[in-house]
Amino acid sequence: MKLVIGNKNYSSWSFRPWIAMRVAGLTFDEEVISLYVEGSREQILKHSPGGKVPILIDGGTHVWESLAILEYLAEAFPSAGIWPSDRAARTHARAISTEMHAGFAALREECGMSFWRPPERRALSADALANIARIQEIWTSARARYGAGGPFLFGKFTAADAMYAPIVQRFATYQVDVSAPVKAYMQAMTALPGWQEWRGAALRETWVIPKFEYDWPQVKRLPAEAA
């Protein structure tokens, strides 16, 4: 299999299936296409008519959209634990994953994912703060109901954790105030070897996308040595 992704510093949708595949122990190659540069859209269109990343290529099958990729992996590798095995937990995991896919626009707009931006608070709108409150509610509720078997939302790492992984990074980058249970969950996520691998690669990237740098033309970034 091959996963076509965008810049690791910025591309939250690419991060989702990538971390799921790493944690599941699936073998795959990756192709990184820097976004918003000359020729990048044409490169992506070679793999997907949607013109966006990520794209999973498995033989003659091309799957785009992060959630669709996760569903494909769950079907192709039923023993990988992409979704919880219990039906009630699995239903809940799919519901909150779809909520992430469709929602939280204010937070996503005001707190873009960045691994190299030094941690610093931002003034956020009421809508973004409401998004943050709802996400914390989602995490604590899932942990309370289904998380007894481990440190993740449903105990073991699942697609739901992958869907919320970029939010964990956003909370860390913008120093969002979180509850103790949420902080513990975030620590479990960032301690994953796959997380550290992605973060290290993100910090070493040289591509800069001005539209995602809130202080442009200044680019605030951690040194690659911080990986």
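Residues numbered from 1 in each chain as written. Predicted model: local features only at pLDDT ≥ 70, side-chain atom pairs only at ≥ 80, totals over all residues. Heavy atoms only, no water.

Visitor: What's the story with the pattern of salt bridges in this structure? I'm lost.
Guide: Any two side chains of opposite charge can pair, given that their charged atoms come close. Counted under the stated rule, the structure contains 11 salt bridges. Its salt-bridge partner being Lys8, residue Glu30 comes within 3.0 Å of it at the nearest N-O pair. Residue Glu30 is located in strand β2 (residues 29-32), and its partner Lys8 is located in the loop between β1 (2-5) and α1 (12-24); the two are separated by 22 residues in the primary sequence. For Glu30, a relative accessible area of 33% gives the class partly exposed. (Salt bridge = Lys/Arg side-chain N within 4 Å of Asp/Glu carboxyl O. Helix = DSSP H or I, 4+ residues; strand = E, 2+ residues; numbered from the N terminus. Buried < 20%, exposed > 50% of the residue type's maximum accessible area, 1.4 Å probe, protein only.)

Visitor: Where do I start with the packing of aromatic side chains in this structure?
Guide: What the rule picks out here adds up to 15 aromatic pairs. Arranged with centres 5.1 Å apart and planes meeting at 75°, the rings of Phe15 and Trp195 form a pair that is edge-to-face. One end of the pair, Phe15, is in helix α1; the other, Trp195, is in helix α9 (residues 193-204), and 180 residues separate them in sequence. Just as Phe15 is buried, Trp195 falls in that class too. A ring pair is formed by Phe152 and Phe157, whose centres lie 5.6 Å apart and whose planes are at 80°; its orientation type is edge-to-face. (Phe/Tyr/Trp six-rings, centres within 6.5 Å; stacked < 30°, edge-to-face > 60°.)

Visitor: Would you mind going over unusual backbone geometry with me for this structure?
Guide: What you tend to see is this: most non-glycine residues have negative phi, and most peptide bonds are trans. With an omega dihedral of 5°, the bond running from Val53 to Pro54 counts as a cis peptide bond. The omega angle of the peptide bond from Trp216 to Pro217 is 15°, so this bond is cis rather than trans. The topology assignment puts Pro217 in the segment after α9. Positive phi values are uncommon outside glycine, yet Glu65 reaches one of about 80°. The residue Glu65 is located in the loop between β4 (61-64) and α3 (66-76) in this model. At Gln175, a position not held by glycine, the phi torsion is positive, near 50°.

Visitor: What's the story with the environment of Asn7 in this structure? I'm lost.
Guide: Its location among the elements puts Asn7 in the loop between β1 and α1. Between the alpha carbons of Asn7 and Pro78 there is a distance of 29 Å; along the sequence they are 71 residues apart. If near-sequence neighbours (up to four positions away) are discounted, Asn7 is found in contact with Val32, Ile33, Ser34, Leu35, Glu205, Trp207 and Ile209. (Contact = heavy atoms within 4.5 Å.)

Visitor: Looking at this model, I keep getting lost on the layout of surface pockets. Mind explaining?
Guide: A water-sized probe, rolled over the atoms, reveals where empty space remains. Roughly 940 Å³ of volume is contained in the largest pocket. Around the largest pocket, the lining comprises 31 residues; the ones closest to its centre are Ser12, Trp13, Leu35, Tyr36 and Phe212. Those elements that place two or more of their residues in the lining of the largest pocket are α1, α2 (40-45) and α5 (105-110). What the second largest pocket holds in volume is close to 170 Å³. Along the walls of the second largest pocket sit Gly81, Trp83, Pro84, Ser85, Asp86, Ala89, Phe154, Lys156 and Thr158, which together make up its complete lining. For the lining of the second largest pocket, the class distribution of residues is 4 nonpolar, 3 polar and 2 charged. (1 Å grid on protein atoms, 1.4 Å probe; cavity = no way out; pocket = protein on both sides within 12 Å on 5 of 7 lines; lining within 4 Å. Points joined across faces, edges and corners; volume = space filled by probe spheres on them. Nonpolar A, V, L, I, M, F, W, Y, C, P; charged D, E, K, R; others polar.)

Visitor: Can you walk me through the packing of helix α4 (residues 87-102) against helix α6 (residues 126-146) in this structure?
Guide: Packed helices, taken two at a time, are described by the angle between their axes plus the distance between the axes. Viewed as axis vectors pointing N to C, α4 and α6 meet at an angle of 170°, and their least axial separation amounts to 12 Å. Considered as vectors, α4 and α6 are oriented roughly antiparallel to each other. Contacts from Ala88, Ala89, His92, Ile96 and Glu99 in α4 reach Arg134, Ile138, Ala142, Arg145 and Tyr146 in α6. Broken down by class, the residue content of the contact of α4 with α6 amounts to 6 nonpolar, 1 polar and 3 charged. (Axes fitted to C-alpha atoms, helices over the stretch in contact; angles between N-to-C directions. Parallel < 35°, antiparallel > 145°, perpendicular 65-115°, else oblique.)

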